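Next come the chains, spelled out residue by residue.
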Amino acid sequence: MLSEAHPIDPNLNHHHDNNILSAQNLQISQTNNNITNKKSYSDVTKNSLKAEESHSTFIENRQKLLNLIPQTKKLVENLTNNPFKDYQFQIPINSDNNPQSELVILKVQYKSYNLGSSTSSFGENQNLSSQFISNKLNDAKGHLDRLQARISDTRSRVLVTGDLNAGKSTFVNAMLRREVVPDDQQPCTALFAECVDSDQNDGVEEVHGILHPNLYKRDDPTTFKRFDIRHLRHVVEENEEGFELLKVYCRDRRERQQSLLHNGIVDISLIDSPGLNIDSMKTTALFAQQDEIDVVVFVVNAENHFTLSGREFLHIAGKEKAYIFVVVNKFDNIKRRADRCRSEILEQIKEISPKTYADSDNLVHFVSAKQCLNDTPDNPSNIEDFIKLEDSLRSFILEKRSKSKLTPAKIYLKNLLNDLKIIGQYNAEVSRKENEK
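Since the structure is predicted, the reported quantities are computational estimates derived from the model, not experimental observations. (Residues numbered from 1 in each chain as written. Predicted model: local features only at pLDDT ≥ 70, side-chain atom pairs only at ≥ 80, totals over all residues. Heavy atoms only, no water.)

To continue, consider the packing of aromatic side chains. Any two aromatic rings considered together are summarised by their centre-to-centre distance and by the angle between their planes. Under the definition given, this model contains 7 aromatic pairs. Arranged with centres 6.1 Å apart and planes meeting at 25 degrees, the rings of F298 and F306 form a pair that is stacked. Judged by relative accessible area, F298 falls into the buried class, the value being 0%. Taken together, a centroid distance of 5.6 Å and an interplanar angle of 25 degrees make the contact between F298 and F313 stacked. Linking F298 in strand β7 (residues 293-301) with F313 in helix α6 (residues 308-317), this pair joins segments that are 15 residues apart in sequence. (Phe/Tyr/Trp six-rings, centres within 6.5 Å; stacked < 30°, edge-to-face > 60°. Buried < 20%, exposed > 50% of the residue type's maximum accessible area, 1.4 Å probe, protein only. Helix = DSSP H or I, 4+ residues; strand = E, 2+ residues; numbered from the N terminus.)

The mixed open sheet is built from 9 strands, whose spatial order is β4-β3-β5-β2-β6-β1-β7-β8-β9. Since the sheet does not close on itself, it has two edges, and those belong to β4 (225-227) and β9 (364-366), each with one partner. Here the average twist between neighbouring strands, direction ignored, is 20 degrees. In the sheet, strand β1 (residues 156-162) pairs with β7 via 6 bridges, with the strands oriented parallel. When the bridges of β7 are listed, V158 appears paired with V295. Of the strands in this sheet, β1, β7 and β8 (324-329) are in contact with α6, which crosses β7 at around 160 degrees. (Pairing = 2+ DSSP bridges. Axes fitted to C-alpha atoms, helices over the stretch in contact; angles between N-to-C directions. Contact = heavy atoms within 4.5 Å.)

For any two helices packed against each other, one specifies the crossing angle of their axes together with the interaxial distance. Helix α11 (residues 384-399) packs onto helix α3 (residues 168-176) with a crossing angle of 80 degrees between their chain directions and a minimal axis gap of 11 Å. Considering the angle they form, α3 stands roughly perpendicular to α11. Contact residues: α3 offers F171, A174 and M175, while α11 offers F386, L389, E390 and L393. Taken together, the residues of the contact of α3 with α11 break down into 6 nonpolar, no polar and 1 charged. (Parallel < 35°, antiparallel > 145°, perpendicular 65-115°, else oblique. Nonpolar A, V, L, I, M, F, W, Y, C, P; charged D, E, K, R; others polar.)

Next up on the list: the environment of E303. Residue position: E303 is located in the loop between β7 and α6. As for E303 and N333, which are separated by 30 residues in sequence, their C-alpha atoms are 7.8 Å apart. With residues near it in sequence (within four places) discarded, E303 still touches N333 and I334.

This part is about the nonpolar core. Grouped together as the largest cluster of nonpolar side chains are 46 residues, with contacts concentrated most on F171, C195, L246, V297 and F386. Here this core gets 6 residues from one element, more than from any other, and that element is α11. Setting aside chain neighbours within four positions, we find C195 in contact with V172, L176, V181, V248, C250, L261, I268, S269 and L270. Formed by 33 residues, the second largest nonpolar core is a distinct cluster that contains Y249, L314, A317 and V326. (Core = buried A, V, L, I, M, F, W, Y, C linked by side-chain atoms within 4.5 Å.)

Attention now moves to the side chain of E194. Along the chain, the position of E194 falls in strand β2 (residues 192-197). In this structure E194 comes out as buried when scored by relative accessible area, which is 1%. Only 2.6 Å separates the side chain of E194 from the side chain of S269, close enough to count as a polar contact. Sequence-distant contacts of E194, defined by excluding residues within four places in its chain, comprise R157, L245, L246, K247, V248, S269, L270 and I271. (Polar contact = N/O pair within 3.5 Å; in protein donor to acceptor, adjacent residues only side chain to side chain.)

Pasting the structure below:
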C-alpha cells in the first residue's frame, strides 16, 4: 500500500540510499498498479453501463414489437373470418412468371399442389383455395403467438452443442468457473441440462428433473423432481426417469460485471446438450430452432474440425439462426499447426455459415476451455482468448439483443404484412376485373 511505503528523508545518511531508492521504486510500482487496476475497473464499469444502456433501448424496441404483434394478428383474424361473404378470397401463386411472386410467409409453389404453370390463382378451385388460405393464416396466427411469448420473456437462452468429445460441458463449466455439469455425456443420452442462476430459485442450488418442459413451473413441485446438485452426473448418465430437460440452478460467484448468468440485467441460461451423432443430431437441431433459443454456440474440436453431423446441424440451425458462435476448443493441443488449423476452419465456416464468417472476429474463437477452468491464483493460465470470447458472447446477448432476440420477429412481421398487402392488392384487382365483366 502507498501509505505503508517509507517517505523520502533528505537528511538520511548515504548508506541508506539503496533503501530509499527501493522505497521509491515500490511507491512507483504500487502507483502504476493502482492506475492499472483503476483502468481495469473503469473498463468494466463502462462495459456495464453500455450494457444497461443497450438494455434500455432493447426494452423500448421490444415494447414497439409487442404493440405491433396483436395489431398484425387482428388483420390475420379478419382475413380468416372472411367478412366478404359473397366473395371467395384468392391468393397469388409464386412463380418466376408471376408478377406476385414476392410472397414469403404465405407463398405456395406450383409443384406443391400439382397446378399447371398457367394457373395464376386458386380461383379455379375454391375448395383448395379456401383450405390453403385458412391453413396458412392459422399457421401465421400461431407463429405470432409464439413470437409474442418469446419477446415478452425477459430471459435469454444459449444452446451449447457440438460433436461428441469436443468439450461442450467443459466449455459450460469454464463459463461458470466451476465444475457443474458432467463431461463426456454418452451420445445415446439425448438429455439437455440448462444451467440457471440460483437467484432464480431463491438462492438454492439444486437440479429439477423435468418430463414435460412445456408444463414446468418452478413453484409447482408436481411438474418436476428435485435432486441434489452433487448427484447431477448420475441423473444425466442414467436418466432412469426419462427426463427431457434438467434445470440446474447453480451459482457463479464472480461479480455481475464478469458473470454471464449472474449479470444483474438479463436472466441468461446455458443449455448443455449431448454430443451430435446420427441419433441425437436432429433432436439438437430442432431444439436450436425453437423460438426461445436466442444464441447457438457450436463447439468444435480443433483436432477434428467439422464432422458431417456438425455440418448438417449448422446447415439446419443456420436457417433459423443466422448468427452462430463457433468455439474451436482444445486449440492449445495443436500449437505447431495453429495457423493452418485457424485458416482451414475459417474457410469451412465461410462455406457453412457465411454470416458467421463475415463477423468472425466476434463470432469465431480459438480457445482452451480446460485451461480456463484450471486457471487459479496458484496456477495461473493464459486465458486471454477465452476472456475475449466471454466478452463477445456477453456483448452479443446484453448489448445486441435486438439482433439476437428482436430481429427475427421484425423480419417475420415485415414479410407477413407485405404478404397481406400483396394479397389485398391482388384480390382488389381480381374483384375489379370481375365487376367490369
